[in-house]
Amino acid sequence: MSRPDRRRVAVTGLGVVSAAGIGTEAYFRGLCSPAPVGERRVTGFDPIDHFDSPKEARRSDPYTQFLVAAADEALAQAGDIEADPTRCGAMIGTGVGGISTLEQQIGVLHEKGARRVSPFLVPMMMANAGGATLSMRYGWMGPSENVVTACAAGTHAVGNAARLIAGGRCDAVLAGGTEAPFTPTAVAGFTNMTALSSSGVSRPFDARRDGFVMAEGAAVLLLEDWDMAQARGARILAEVLGSASTADAHHITAPSPGGSGAVHCMQLALDDAGVRPADVVHVNAHGTSTDLNDAAEAEALSKVFGTSPGPLVTSTKGVTGHALGAAGALEALAVVLAMLKGLIPPTAGLTALDPELPPIRVVTGEPAAWAPGVSISNSFGFGGHNGTLVIAPAAQRPSG
């Protein structure tokens, strides 16, 4: 439904660094490939390609390096943006920020003493370093903010950025998430809370699922005022129709019973977008491959959309693993690519749908051809954070 009270939000650029592939084409091929085994680390990435000097790259934590590369790709695809720099911004999500720098420098402290701790520790580890780097790199002087809501951060960042444009504060915003969480302490922490898969296989919604597989990476969507994008002749890739954010207020790690927080979040997002549940034809699920999360999300989906027949559901975490604060951005980008390619990636790793789950139409085996339509992307984070984005193909806007 057209909303005369706010501006339309176009997606005009995409960029990604992921264990599934670096760059959008490689990433989509990865999403349509069999599930790998083990940690999902980024390989073949050279930060020097995106910084003026090796020294500048070394003074950025890997989570910032990934983000810069993804933003460069998104802006290159979008083309020249001639907009007031005070009306252009960055909204970036992360779960743990520069944790690798922090852990490394704690080691330096214990081994060599306080005087040997790097003076760059703070600017490298702080959670807002990524977004700050983008604003300085491109000279964008509008809001430069970061979102730290665990595994929902990337989704919340895109939703918040869309509101900056829809409400008239900004004309363009780099929105997304980034994460580089592979440190010995972080891995040990997730392992000891039994959140990680002991088999090393991500199996969203599968009867044998046994936890998530940790990942790293970054994804950036360039969001732009629709009219400005049209006026400059940009290729509009998709439209962000709406979003929502809620809290379970239940438990620090477990979802609320029956997925009630997720239900509320999806309903609010659909209301914000001005669409009905029947309009939604695809869901990129949070689908972490953990017992409680997948069960709660499946129940929430069945409550919101019913089962006759319901939207096509996929969890791309079967391939990407779970990149924590970057996950929602990686998945929103996957939704846009699915629209552009006319294919929904399958839920890799899923071989036997859990019969205890409510019936949902999970895409398995091969990519599913579809007529792209209104889609949602879900993210649910530790702390009870819920986030939902509603995205539509550029050529389609529901009239209902």
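As a reminder, the structure under discussion sits directly above these lines.
Quantities reported herein were computed from a predicted structural model and do not represent experimental measurements. (Residues numbered from 1 in each chain as written. Predicted model: local features only at pLDDT ≥ 70, side-chain atom pairs only at ≥ 80, totals over all residues. Heavy atoms only, no water.)

1. Overview of unusual backbone geometry
Consideration 1: Look at F205: it is not a glycine, yet its phi comes out positive at around 65°.
Consideration 2: Relative to the helices and strands, F205 is located in the loop between α8 (184-192) and β6 (217-225).
Consideration 3: Unusually for a residue other than glycine, A249 sits at a positive phi of about 50°.
Consideration 4: If you trace the backbone, A249 turns up in the loop between β7 (238-247) and α10 (260-273). (Helix = DSSP H or I, 4+ residues; strand = E, 2+ residues; numbered from the N terminus.)

2. Looking at the state of the cysteines
Consideration 1: Under the definition given, this model contains zero disulfides.
Consideration 2: Not part of a disulfide, C151 finds its nearest cysteine sulfur in C265, a span of 14 Å. (Disulfide = S-S within 2.5 Å.)

3. Some thoughts on the packing of α10 against helix α11 (residues 291-305)
Consideration 1: Closest axis-to-axis distance for the α10/α11 pair is 9 Å, and the angle between their directions is 40°. Taken as axis vectors, α10 and α11 run oblique relative to one another. Crossing handedness for the pair α10 and α11: right-handed. Here α10 contributes A262, V263, M266, Q267 and L270 to the contact with α11, which in turn contributes A300, L301, K303, V304 and F305.
Consideration 2: Residue composition of the contact of α10 with α11, by class: eight nonpolar, one polar and one charged. (Axes fitted to C-alpha atoms, helices over the stretch in contact; angles between N-to-C directions. Parallel < 35°, antiparallel > 145°, perpendicular 65-115°, else oblique. Left-handed = near helix turned anticlockwise from the far one by under 90°. Contact = heavy atoms within 4.5 Å. Nonpolar A, V, L, I, M, F, W, Y, C, P; charged D, E, K, R; others polar.)

4. Brief notes about the pattern of salt bridges
For side chains bearing opposite charge, pairing can occur when the charged atoms are close.
Consideration 1: Applying the stated criterion across every chain, the model contains 16 salt bridges.
Consideration 2: Between E299 and K303 there is a salt bridge, and its shortest N-O distance comes to 3.3 Å. Of this pair, E299 and K303 both sit in helix α11, four residues apart, which is roughly one turn of that helix.
Consideration 3: Owing to a relative accessible area of 30%, E299 belongs among the partly exposed residues under this scheme.
Consideration 4: With a closest N to O distance of 2.6 Å, E331 and K317 form a salt bridge. With E331 in helix α13 (residues 327-341) and K317 in helix α12 (residues 317-320), this pair connects stretches of sequence that are 14 residues apart.
Consideration 5: Judged by relative accessible area, K317 falls into the buried class, the value being 0%.
Consideration 6: Via salt bridges that share partners, R7, R87, D171 and D225 belong to a single interconnected network. (Salt bridge = Lys/Arg side-chain N within 4 Å of Asp/Glu carboxyl O. Buried < 20%, exposed > 50% of the residue type's maximum accessible area, 1.4 Å probe, protein only.)

5. Quick word on the packing of helix α3 (residues 62-78) against helix α6 (residues 129-138)
Consideration 1: One way to put it is that α3 packs onto α6 with a least axis distance of 9 Å and a crossing angle of 45°. Accordingly, the angle class assigned to the pair α3 and α6 is oblique. Viewed along their axes, α3 and α6 form a crossing whose handedness is right-handed. Contact residues: Y63, T64, L67, V68, A71, D72 and L75 in α3; A129, G130, G131, T133, L134, R137 and Y138 in α6.
Consideration 2: Within the contact of α3 with α6, the residues separate by chemical class into eight nonpolar, four polar and two charged.

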